[in-house]
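# Reading the structure
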Amino acid sequence: MNIKKHIPNLITLINLFCGCVAVVFVSKGDFLMAFYMVCLGIFFDFFDGFFARLFKVSSPLGLQLDSLADMVTSGVVPGYVMYSMFARGGDQLGNQAIVPFLGFIITLGACYRLANFNIDTRQTDSFIGLPTPANAIFIISLQIVLDMYADSSLIILELLTNQWVLLLITLGSAYIMNAEIPLFSLKIKKFSLKDNALQIVFLIVSVLLGVLLHYIAIPLIIVFYVLLSIINNLFLKK
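This is a predicted model, so every value here is computed, not measured. (Residues numbered from 1 in each chain as written. Predicted model: local features only at pLDDT ≥ 70, side-chain atom pairs only at ≥ 80, totals over all residues. Heavy atoms only, no water.)

## Quick word on the packing of aromatic side chains
- Considering all chains together, one arrives at twelve aromatic pairs under this definition.
- Arranged with centres 5.1 Å apart and planes meeting at 90 degrees, the rings of Phe-46 and Phe-47 form a pair that is edge-to-face.
- What makes Phe-46 partly exposed here is its relative accessible area of 48%.
- Residue classification places Phe-47 among the partly exposed residues on the basis of a relative accessible area of 24%.
- One aromatic cluster is present, built from ring pairs that chain together Phe-43, Phe-44, Phe-46 and Phe-47. (Phe/Tyr/Trp six-rings, centres within 6.5 Å; stacked < 30°, edge-to-face > 60°. Buried < 20%, exposed > 50% of the residue type's maximum accessible area, 1.4 Å probe, protein only.)

This is the structure we're talking about:
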């Protein structure tokens with residue numbers, strides 16, 4: 001039996017397990033642990049493909065498993081977190097028995113992206129639309145910001161408890177995952193400053209934001225990644 005061909009799939013299943021555990025933590029209101037489990041799942045999500053290429057055992061089964069695991073870790077979990085944010089927020093949209101379920105629009109958007117990604121041959125070296133792991137980190141980090149800075153007077157806290165703002169974020173999240181917007185890859189293929197200028201700028205700004213703003217930096221880094229990609233696209237067109 002070829003053990004090597006099963007290693008990438010096993011790593012993918014560990015990603016799925018992390019997503020399942022994250023769902024449990026969200027149900028208990030422990031969003032920080034849910035965030036850590038999603039990050040751990042994303043870590044394994046990166047290495048399943050790495051080992052598949054290393055051992056030259058890539059397969060259609062592995063591709064499908066990867067998307068199914070991501071569907072939980074980067075699809076169900078952020079949708080559930082947004083559901084909780086709607087439920088914990090105000091009642092600007094009315095009917096609290098129904099409105100929180102709007103959060104799962106994120107899950108639907110993630111599902112569509114993952115299915116489309118499997119048949120899109122353009123996304124081998126870069127991305128078109130925001131990857132589901134980055135979107136998951138963005139959404140979950142919003143709840144962490146709410147929890148970590150609950151006693152402060154930051155205006156962002158008021159915004160993140162307003163259901164109209166949450167609806168805008170939810171719809172924007174589902175859209176940006178499926179938008180025809182090329183996003184630069186973080187992979188370094190050539191060891192030169194010129195070829196990796198964009199990645200280096202992103203890394204430096206991300207580190208500075210992290211040092212200065214701590215948890216608030218997490219969603220800002222994702223937004224910066226998208227904006228930097230859009231700016232880069234405009235320069236490439238010129």
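## Considerations on the side chain of Asp-70
- The topology assignment puts Asp-70 in helix H3 (residues 60-88).
- Arg-113 provides the closest opposite charge to the buried, salt-bridge-free Asp-70, at an N-O distance of 8.4 Å.
- Separated by 3.1 Å, the side chains of Asp-70 and Asn-15 make a polar contact. (Helix = DSSP H or I, 4+ residues; strand = E, 2+ residues; numbered from the N terminus. Lys, Arg positive; Asp, Glu negative; His and termini not counted. Salt bridge = Lys/Arg side-chain N within 4 Å of Asp/Glu carboxyl O. Polar contact = N/O pair within 3.5 Å; in protein donor to acceptor, adjacent residues only side chain to side chain.)

## Observations regarding the environment of Met-71
- If you trace the backbone, Met-71 turns up in helix H3.
- Spatially, the C-alpha atom of Met-71 lies 21 Å from that of Phe-51, the residues being 20 residues apart in sequence.
- Not counting the four nearest positions on each side in its chain, Met-71 is found in contact with Val-76, Thr-107, Ala-110, Cys-111 and Leu-114. (Contact = heavy atoms within 4.5 Å.)

## Some words on the pattern of salt bridges
- For the coordinates displayed, the defined rule picks out one salt bridge.
- Taking the shortest distance from any N to any O, the salt bridge between Arg-88 and Asp-147 comes out at 3.5 Å. You can see Arg-88 sitting in helix H3 and its partner Asp-147 sitting in helix H5 (residues 132-148), a full 59 residues away along the chain.

## Here's the deal with the packing of H3 against helix H4 (residues 105-119)
- In contact at an axis separation of 8 Å, H3 and H4 are set at 160 degrees when each is read in the N-to-C sense. Accordingly, the angle class assigned to the pair H3 and H4 is roughly antiparallel. In terms of crossing hand, the pair formed by H3 and H4 is right-handed. Residues Leu-63, Gln-64, Ser-67, Asp-70, Met-71, Ser-74, Gly-75, Val-76, Pro-78, Gly-79 and Met-82 of H3 form the contact with H4, whose own contacting residues are Ile-106, Thr-107, Ala-110, Cys-111, Leu-114 and Asn-118. (Axes fitted to C-alpha atoms, helices over the stretch in contact; angles between N-to-C directions. Parallel < 35°, antiparallel > 145°, perpendicular 65-115°, else oblique. Left-handed = near helix turned anticlockwise from the far one by under 90°.)

## Let's talk about unusual backbone geometry
- Of note in this structure, His-214 is not a glycine but carries a positive phi near 55 degrees.
- Assessed through its relative accessible area of 53%, His-214 is described here as exposed.

## Concerning the confidence of the model for the protein chain
- Taken as a whole, the protein chain shows an average pLDDT of 90; of its residues, 94% reach a score of 70 or greater.
- Mean pLDDT across the elements of the protein chain ranges from a minimum in helix H6 (residues 155-159), with 88, to a maximum in helix H7 (residues 163-178), with 97. (pLDDT = per-residue confidence, 0-100.)

## Looking at a nonpolar patch on the surface
- A cluster of nonpolar side chains, namely Ile-200, Leu-203, Ile-204, Val-207, Leu-208, Val-211, Leu-212, Leu-213 and Leu-220, defines an oily patch on the protein surface of about 820 Å² accessible area.
- Within the element layout of this structure, Val-211 appears in helix H8 (residues 197-213). (Patch = residues over 30% accessible without salt bridge, like charges linked within 9 Å, V, L, I, M, F, W, Y side chains within 5 Å. Areas by Shrake-Rupley, 256 points an atom, 1.4 Å probe, with all protein chains shown as cover.)

## Notes on the state of the cysteines
- Inspection of every chain in the model, using the stated rule, returns zero disulfides.
- Cys-18 supplies the cysteine sulfur nearest to Cys-39, a cysteine that is in no disulfide, at a spacing of 10 Å.
- Looking at Cys-39, the relative accessible area reads 28%, which means it is partly exposed.
- No disulfide involves Cys-111; its nearest neighbouring cysteine sulfur is the one of Cys-20, lying 16 Å away.
- The class for Cys-111 is partly exposed, based on a relative accessible area of 38%. (Disulfide = S-S within 2.5 Å.)

## Quick notes on the side chain of Asn-9
- By secondary structure assignment, the location of Asn-9 is in helix H1 (residues 7-27).
- According to the relative accessible area criterion, Asn-9 is buried, its value standing at 14%.
- Residue contacts for Asn-9: discarding those within four places in its chain leaves Leu-61, Gly-62 and Leu-65.

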